[in-house]
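Chain by chain, the residues run as shown.
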Amino acid sequence: MLAEHRARNAAQIVLGQPDGDSAPEQIDRLIAALAPGRPLILGLLEDAPDRPYFEARLIDNIDGGAVRLLDKEQAVTVTGAPTTLYLLEKT
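Note that the structure is predicted; figures quoted are calculated from it, not measured.

Further remarks concern the overall build of the protein chain. For the protein chain, the helix and strand inventory stands at 2 helices and 4 strands. In sequence order, the protein chain lays out its α and β elements as β-α-β-α-β-β. The 91 residues of the protein chain split such that 35% are buried. Sequence separation of 24 or more characterises 68% of the internal contacts of the protein chain that already satisfy a separation of 6 or more. For the protein chain, the computed accessible surface area is about 5,200 Å², with 53% contributed by carbon and sulfur atoms.

In the structure shown here, the tally under the stated rule is 5 salt bridges. In this structure, R57 and E25 form a salt bridge, with 2.7 Å as the shortest nitrogen-oxygen distance. Remark: E25 occurs in the loop between strand 1 (12–14) and helix 1 (26–32) and R57 occurs in helix 2 (residues 51–63); sequence separation between them is 32 residues. Here R57 falls in the partly exposed class, since its relative accessible area comes to 22%. Judged by relative accessible area, which is 32%, E25 ranks as partly exposed. The closest approach of N and O atoms between R51 and E55, which form a salt bridge, is 3.1 Å.

Extensive coverage of strand 4 (residues 82–90) is indicated by the burial of 8 of its 9 residues. Of the pairings in the sheet, the one linking strand 2 (residues 39–45) to strand 4 comprises 7 bridges and is antiparallel in character. Considered in strand 4, the bridge of L45 is made with T83. Inspection of the sheet shows strand 3 (residues 67–76) paired to strand 4 by 9 bridges, in the antiparallel sense. Of the residues in strand 4, the one forming a bridge with K72 is Y86. Here strand 3 folds back onto strand 4 in antiparallel fashion, the turn holding 5 residues, of which G80 has a positive phi close to 90°.

Now for the side chain of K90. Within the element layout of this structure, K90 appears in strand 4. Here K90 sits buried without a salt bridge, and the closest side chain of opposite charge, D28, lies 10 Å off (N-O distance). Side-chain polar atoms of K90 contact the backbone oxygen of I31, separated by 2.9 Å. Setting aside anything within four residues of it in sequence, one finds K90 in contact with I31, A32, L34, A35, P36, G37, R38, A66 and V67.

Conventions and cut-offs
Residues numbered from 1 in each chain as written. Predicted model: local features only at pLDDT ≥ 70, side-chain atom pairs only at ≥ 80, totals over all residues. Heavy atoms only, no water. Helix = DSSP H or I, 4+ residues; strand = E, 2+ residues; numbered from the N terminus. Buried < 20%, exposed > 50% of the residue type's maximum accessible area, 1.4 Å probe, protein only. Contact = heavy atoms within 4.5 Å. Areas by Shrake-Rupley, 256 points an atom, 1.4 Å probe, with all protein chains shown as cover. Salt bridge = Lys/Arg side-chain N within 4 Å of Asp/Glu carboxyl O. Pairing = 2+ DSSP bridges. Lys, Arg positive; Asp, Glu negative; His and termini not counted. Polar contact = N/O pair within 3.5 Å; in protein donor to acceptor, adjacent residues only side chain to side chain.

If you want it as C-alpha cells, here you go:
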C-alpha cells in the first residue's frame, strides 16, 4: 500500500493533472526536476478528458527507465474526484 512505503514521507505530491494549457510533457519536466533516487507521487484524475495522453507519457517514462514505479492505487481527492496515485522513484 502506498501509505506504507518508506518513500511516502519524503515524496513530492502532485494531485490532479496540469491545467488544460499544459501538455503531457509536463510529466517529463516533473521527473527531470527530481534528483536520482527521489520519490514522486503523481495523481491523475480519472475523469479528465486528456488523461490518456498524460497516462501514456507516464508509461513512456517508466518503460524508458526515467522512473521506477513503486506502487499504484486508486484514491479519492478531498473534493471527491476519483484519481489514480502513482508512487515513482527517479532512476
